Amino acid sequence: PPPPPPPPAGTWRGTPTTPAARQWEPDTDRPGSDYRSFDLRAPNPAQCRDTCWAEPQCRAFTYVRPGVQGPHARCWLKNVVPPARPADCCLSGVK
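Residues numbered from 1 in each chain as written. Predicted model: local features only at pLDDT ≥ 70, side-chain atom pairs only at ≥ 80, totals over all residues. Heavy atoms only, no water.

A. Focus on the pairing of strand β4 (residues 73-78). When you tally the buried positions in β4, you get five out of six residues, the bulk of the element. Summarising the sheet, strand β3 (residues 60-64) and β4 pair through five bridges and their orientation is antiparallel. When the sheet's bridge partners are listed, F61 is paired in β4 with L77. (Buried < 20%, exposed > 50% of the residue type's maximum accessible area, 1.4 Å probe, protein only. Helix = DSSP H or I, 4+ residues; strand = E, 2+ residues; numbered from the N terminus. Pairing = 2+ DSSP bridges.)

In structure tokens:
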């Protein structure tokens, strides 16, 4: 028999092999390739993302929720895009 038809556009539920630019990656850590990190006064992942967007050397970021690496949220800026891994501590993004 012929192969089944592809699913309709917009219904695919798989994981892309490369992240879409400027997309949030919930429950994702991208360990390594850090060039700087800092505590956030408020648990606001947008502040981490916006700092990455503003720095030319930043290619990706990982926001770590408060209570994981200390009492405050922490932002890790990366100068390359390291591989992603599932982690409920974090939210990452790629420029």
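B. How the structure looks around the environment of T62. Looking at where T62 falls in the secondary structure, it is placed in strand β3. The exposure class of T62 is buried, given its relative accessible area of 1%. Beyond its immediate sequence surroundings of up to four residues, T62 is in contact with T28, D29, R30, C48, R74, C75, W76, K78, C90, L91 and S92. A polar contact of 3.3 Å, which involves the side chain of T62, links it to the backbone nitrogen of R30. (Contact = heavy atoms within 4.5 Å. Polar contact = N/O pair within 3.5 Å; in protein donor to acceptor, adjacent residues only side chain to side chain.)

C. How the structure looks around the state of the cysteines. Under the definition given, this model contains three disulfides. Bridging C48 to C75, the disulfide has an S-S length of 2.0 Å. On the S-S bond that ties C48 to C75, the torsion sits near 75 degrees, and the link is right-handed. Linking C48 in helix α1 (residues 45-54) with C75 in strand β4, this pair joins segments that are 27 residues apart in sequence. Residue C48 is classed as buried on the basis of its relative accessible area of 0%. Residue classification places C75 among the buried residues on the basis of a relative accessible area of 0%. Paired by a disulfide, C89 and C90 hold their sulfur atoms 2.3 Å apart. Judged by the sign of its S-S torsion, about -75 degrees, the cystine formed by C89 and C90 is left-handed. With respect to burial, C89 and C90 carry one shared label: buried. In the protein chain, the bonded cysteines, taken in the order they occur along the sequence, pair up as 1-4, 2-3, 5-6. (Disulfide = S-S within 2.5 Å.)

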